[in-house]
Amino acid sequence: MSRLRIAADRAKGLSQRRAQVLALIGTDLSNQEIASLLRIEERTVKAHTAALFAQLGVHSRIQLAQAALLSRLEDCT
């Protein structure tokens, strides 16, 4: 199983807020834009992003976005 598929599977177990942040990362929004949409501090978005790296086992924001998209695609099947 690929690292990306593993990350997408792990995304299913995220808290609601982390899932929201991940979904918004998947739409290529900046931390500042995500913070504004969710009405939270940018540093909170950064903290969630760091936790997402650890939880999903990925090393870049691009991989987070790919995992978010793959997770959404898997939900459609």
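The preceding data block contains the structure.
What you see is a predicted model, and the numbers here were worked out from it, not measured in a lab. (Residues numbered from 1 in each chain as written. Predicted model: local features only at pLDDT ≥ 70, side-chain atom pairs only at ≥ 80, totals over all residues. Heavy atoms only, no water.)

J.: Explanation requested: the overall build of the protein in the structure shown.
T.: Counting its regular elements, the protein contains five helices and zero strands. Along the protein, from the amino end to the carboxyl end, the secondary structure elements read α-α-α-α-α. Its C-alpha atoms give the protein principal-axis dimensions of roughly 35 × 25 × 20 Å. Looking at the protein as a whole, 35% of its 77 residues qualify as buried. Look at the contacts in the protein between residues 6 or more apart in sequence, and 64% of them connect residues 24 or more apart. Carbon together with sulfur atoms contributes 52% to the accessible area of the protein, which is approximately 4,800 Å² in total. Of the charged side chains in the protein, 11 are positive and 7 negative; the average position of the first set lies 5 Å away from that of the second. (Helix = DSSP H or I, 4+ residues; strand = E, 2+ residues; numbered from the N terminus. Buried < 20%, exposed > 50% of the residue type's maximum accessible area, 1.4 Å probe, protein only. Contact = heavy atoms within 4.5 Å. Areas by Shrake-Rupley, 256 points an atom, 1.4 Å probe, with all protein chains shown as cover. Lys, Arg positive; Asp, Glu negative; His and termini not counted. Charge placed at Lys NZ, Arg CZ, Asp CG, Glu CD.)

J.: Can you walk me through the nonpolar core in this structure?
T.: Most often, soluble globular proteins have nonpolar side chains that are buried together. In this structure, Val21, Leu22, Ile25, Ile34, Leu52, Leu56 and Leu64 are the most contacted members of the largest nonpolar core, which totals 18 residues. Among residues more than four places away in sequence, those in contact with valine 21 are Ile34, Leu38, Val45, His48, Thr49 and Leu52. (Core = buried A, V, L, I, M, F, W, Y, C linked by side-chain atoms within 4.5 Å.)

J.: Would you mind showing me how to read helix α4 (residues 42-56) here?
T.: Given 3.6 residues per helical turn, the α-helix brings residues three or four places apart onto the same face. Taking 1.5 Å as the rise per residue, α4 with 15 residues should run 21 Å; its terminal C-alpha atoms sit 21 Å apart, in good agreement. Within α4 the residues assigned to the buried category are Val45, His48, Thr49, Ala51, Leu52 and Leu56. Summarising the axial view, the buried residues of α4 lie within an arc of 165°, below the 170-degree limit, and thus occupy one face. When the buried face of α4 is taken as reference, the exposed residues oriented beyond 90 degrees from it are Arg43 and Ala54. Of the residues one or two after α4, glycine 57 is the one with positive phi, at around 70°. (Expected span 1.5 Å × (residues − 1). Arc of directions from axis to C-beta.)

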